Amino acid sequence: STRNCPCEMSQLPPKSPLASPVSEGTNSRVESLDNLSMDSFWLEVENIKQSAEAEQEECSLADVKTQEEGEAEAEWLQDAGLSDLLGDRASENDNIVLLSTLTKTQAAAVQRRLDTYSRSRRRKNKHPVRDVRDIFGVVSSEETAAKKEESSPDQLWHNLRTSNVQRKTQDYSCTVRNPGKEVVFNMDVAYSEQAAVLLKGSLLSESRRLKDGNTLTKFKIPKGRLGVTRIGDLSAQDMKKIPTLALIELTALCDVLGFELKRNKAAKLKTTEKRLFGVPLNTLLENDQKLLPNTKVPLLLQALLSCLEKRGLETEGILRVSGSQTRIKNLEQKLERDFYTGLFRWDEVHQNDVSGLLKRFIRELPAPLLTAEYLPAFAAVQNIPDLKQRLQALNLLILILPEPNRNTLKALLEFLSKVVARENNNKMNLWNVSTVMAPNLFMHKGLPNKIPEGKEKQLAEGAADIVRMMIHYQDLLWTVSSFLVAQVRKLNESNSKRYQFCDKRIKNLLRKIHADKDKVEKNQTEPSKIVKVHASLLLKDSLEVHLNNATRVADVLRQFQKNLCQNGWNIVNTVNLLKCNNSIECANLLLYEVGGNIGEHCLDPDTYLLDLYHINPHAEWVIKQNPSYPRMF
């Protein structure tokens, strides 16, 4: 019988050696699982169940409620920054700027959800909402019936999938013809547009997933003229725009691939009297920032990871071998009492108990680390056949995560990479680590675990495979795609010059936008330019730089370094800039693009500055010290 307590992981079967390997003749995409056991996964599930059953009284979260028809679409539009389109007399002006940045596939994704929401409201006899065609200007009432039928949402979607790709010939597939060779991971073109190209050419391949870390496909992000942008390179103001754009793009990608983007409705969390375990990430960080301002990862997690890095990386079976549940519970109580006083003695703790505390900390979060809303979406990534498109979806999901969750997840993944790097000593390879950590990330006491009968093994392998990808490809996943950065620039440019419409409708907006985008722009670019680079925190003087087509950020930093050493400029802060041998190292310096159509952007050393100038001529360029570089005192 099914137990009612959401803390009980009763929907999952017990560990079974017979259920682990993939049987011959199945349709699984996994090629080499015959010798790879899922025993670690099921053992971890059993440990979680036993821990949960022992503390049954602590179950306090309600199950996620099923959403009514149209409710999911309304919530999606709100999260996508398009909530004003839901009102009876909505003001489009607040949404026009965002809509003006969308690609065709992204616009179609918005249209489909708004159309579904409109139909659901009509069925409920609520106040009428505007027809979706009033928003996107599909057809006019004077056109023929045949033309109207042609413009129905479903037909429009069919046309979209077959029309806008004819002019593009680039191969975006992930077909690996030469194993071991790097495969291009294009971030200049929207993922959904790439998928539409593949769909048109029937190039969607069923990639084979290999669990041997040595045979994983190697991806390379080609550096365009504007370089590569990592999470953390953009200002907080600009990063706030990224989740909205990433959600729209993820939805468009899923639409093209024919997958439903599953999202939960977040349950209300009950407060706890504890200070460390079972406390929301935001609350933890607020408390930690009172002690250490600018803390981005909970101090407790930092302490757990630091302890394991110092003494546990060489321990055989670390993470897999469970510590004593009694000792772990006692340690949790001691940490609650002594952690912030500094009296807790980490050197007296067994490393397997520390790893148990780490996993317990993740499981005890009131909401999953991957968030209650998007945990189903993370789990569903395994259903995408093509490896590159799975990574594209994961990249967008990482960008959607709230900043505390994203930073905490990154700290965890970096540690797990270090565990894998010591495989020869600790006997924990990438797949071992992934199978152990997957239940801790994908099972949560606050969410129902309704697993269809016969799907347990498939879902377990899929969850472990997702963790494996997040560990192995984390550098790629923590990159902000160039097309998203371009959309942020467009948003910033358009905020001061909103479109005006006399008929109070967006009608022909998207048609006009994409007609303009299809035209070949004739850039009146200058072959060279002299600009000033500021370094007000370091120098009283500015640096004049002559830009040409070959000038990169790294060149400017070297020129700055050379002039600083030779010309005797007035140095404002020598201590933080000079190393012990009185030389200045370029790694200590970063060049930022500030203002214009961007808030603040830390530039890739390989960025070509003349190209950047033409894209953002009103920006200032400022040299700053690298905040992560060790200061020399």
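The coordinates are above.
First, a word on what this report is: a plain description of the structure on this page.

Reading the values: the criteria
- Throughout, residues of each chain are indexed from 1 in the direction in which the sequence is written.
- Whole-chain, interface and lining totals are the exception, using all residues; otherwise, since this is a predicted model, local features are given only for residues with pLDDT of at least 70 and side-chain atom pairs are given and counted only at 80 or more.
- Water and hydrogen atoms were dropped before computing side-chain values, which therefore reflect all heavy atoms in the structure.
- Every helix listed is a DSSP run of H or I at least four residues long, and every strand listed is a run of E at least two residues long, numbered separately from the N terminus.
- Using a 1.4 Å probe on the protein chains alone, a residue whose accessible area is under 20% of its type maximum counts as buried, one over 50% counts as exposed, and one in between counts as partly exposed.
- In what follows, salt bridge is the name for a side-chain nitrogen of Lys or Arg lying within 4 Å of a carboxyl oxygen of Asp or Glu.
- The criterion is simple. A nonpolar core is a set of buried Ala, Val, Leu, Ile, Met, Phe, Trp, Tyr and Cys residues joined through side-chain atoms within 4.5 Å.
- Only heavy atoms enter the contact rule, under which two residues are in contact if any of them lie within 4.5 Å.
- In this analysis, axes come from line fits to C-alpha atoms, helices being fitted only over the stretch in contact, and the angle between any two N-to-C directions falls in the range 0 to 180 degrees.
- Here the word oblique covers every angle except those under 35 degrees (roughly parallel), over 145 (roughly antiparallel) and from 65 to 115 (roughly perpendicular).
- Polar here means any residue outside two lists: the nonpolar Ala, Val, Leu, Ile, Met, Phe, Trp, Tyr, Cys and Pro, and the charged Asp, Glu, Lys and Arg; Gly therefore counts as polar.
- Being paired, for any two strands, means DSSP has found at least two bridges between them.
- By definition, turning the near helix anticlockwise from the far helix through less than a right angle yields a left-handed crossing, and turning it clockwise yields a right-handed one.
- Two N or O atoms form a polar contact when they lie within 3.5 Å of each other; inside protein one atom must be a possible hydrogen donor and the other a possible acceptor, and for residues adjacent in sequence the pair counts only when both atoms belong to side chains.
- The span expected for a helix works out to 1.5 Å for each residue beyond the first.

## Observations concerning the overall build of the chain
Then step 1. Scanning the chain from terminus to terminus reveals 26 helices and 9 strands.
Then step 2. Buried residues in the chain amount to 51% of all 633 residues.

## Here's the deal with the pattern of salt bridges
Then step 1. Counted under the stated rule, the structure contains 23 salt bridges.
Then step 2. For Arg113, the salt bridge is made with Asp255, and the minimal N-O distance between the two is 2.7 Å. In this pair, Arg113 is assigned in helix H4 (residues 104–123) and Asp255 in helix H10 (residues 242–257), connecting sequence segments 142 residues apart.
Then step 3. According to the relative accessible area criterion, Arg113 is buried, its value standing at 16%.
Then step 4. Residue Asp255 is classed as buried on the basis of its relative accessible area of 9%.

## With respect to the nonpolar core
Then step 1. Judged by nonpolar contacts, the single largest core of 128 residues is most densely connected at Leu319 and Phe378.
Then step 2. The dominant element in this core, judged by the number of residues it contributes, is H10, at 10 residues.
Then step 3. Beyond its immediate chain neighbours, meaning those up to four positions away, Leu319 contacts Glu44, Ser355, Leu358, Lys359, Phe415, Leu416, Val419, Met428, Val433, Val436 and Met437.
Then step 4. Judged by nonpolar contacts, the second largest core, of 21 residues, contains Ala535, Val553, Phe560 and Leu603.

## Structural notes on the packing of helix H11 (residues 281–291) against helix H17 (residues 403–421)
Then step 1. With their axes 9 Å apart at the nearest point, H11 and H17 run at an angle of 80° to one another. Relative to H17, the element H11 lies roughly perpendicular. Listed contacts from H17 to Leu281, Asn282 and Leu285 of H11 are Pro404, Asn405 and Thr408.
Then step 2. Classifying every residue of the contact of H11 with H17 gives 3 nonpolar, 3 polar and no charged.

## Re helix H2 (residues 71–79)
Then step 1. Looking at H2, one finds that the buried residues are Glu73, Ala74, Glu75, Trp76 and Leu77.
Then step 2. Once H2 finishes, Gly81 follows within two positions and takes phi at roughly 75°, a positive value.

## Some details on the sheet that holds strand E7 (residues 589–595)
Then step 1. Reading across from one edge, E6-E5-E9-E7-E8 is the order of the 5 strands in this open sheet, with mixed pairing throughout. This sheet does not close on itself; its edge strands, each paired only once, are strand E6 (543–547) and strand E8 (598–602). Here the average twist between neighbouring strands, direction ignored, is 30°.
Then step 2. The sheet strands contacting helix H22 (residues 482–494) are E7 and E8, and the helix crosses E8 at an angle near 150°.

## Some details on the packing of H10 against H22
Then step 1. In the contact formed by H10 and H22, the axes pass within 10 Å of each other and the chain directions differ by 125°. Comparing their axes, H22 and H10 come out oblique. Pair H10 / H22 crosses with right-handed handedness. Contact with H10, carried on its side by Ile242, Leu245, Ala246 and Glu249, involves Phe483, Leu484, Gln487, Val488 and Leu491 of H22 and no other residues of that element.

## Regarding the side chain of Gln487
Then step 1. Within the secondary structure, Gln487 sits in helix H22.
Then step 2. The exposure class assigned to Gln487 is buried, which follows from its relative accessible area of 5%.
Then step 3. Of note is the side chain of Gln487, whose polar atom sits 2.9 Å from the backbone oxygen of Thr101.
Then step 4. With residues up to four places along the chain from it excluded, the contact list for Gln487 reads Thr101, Leu102, Gln106 and Leu245.

## A few points about helix H16 (residues 387–400)
Then step 1. Over its 14 residues, H16 extends 20 Å from the first C-alpha to the last, a length consistent with the 20 Å expected when each residue adds 1.5 Å.
Then step 2. Within H16, 14 of the 14 residues are buried, which leaves the element mostly enclosed by the surrounding structure.
Then step 3. By the N-cap criterion, in which a side-chain oxygen at the helix start approaches the backbone nitrogen of a residue two or three places on, H16 is capped by Asp386, the distance to Lys388 being 3.1 Å.

## As for unusual backbone geometry
Then step 1. Its identity as a non-glycine residue notwithstanding, Thr371 has a phi of 70°, on the positive side.
Then step 2. Within the element layout of this structure, Thr371 appears in the loop between helix H14 (351–364) and helix H15 (375–380).
Then step 3. On the basis of relative accessible area, Thr371 is assigned to the buried category, the value being 7%.

These values are about where atoms sit, not about what they do.
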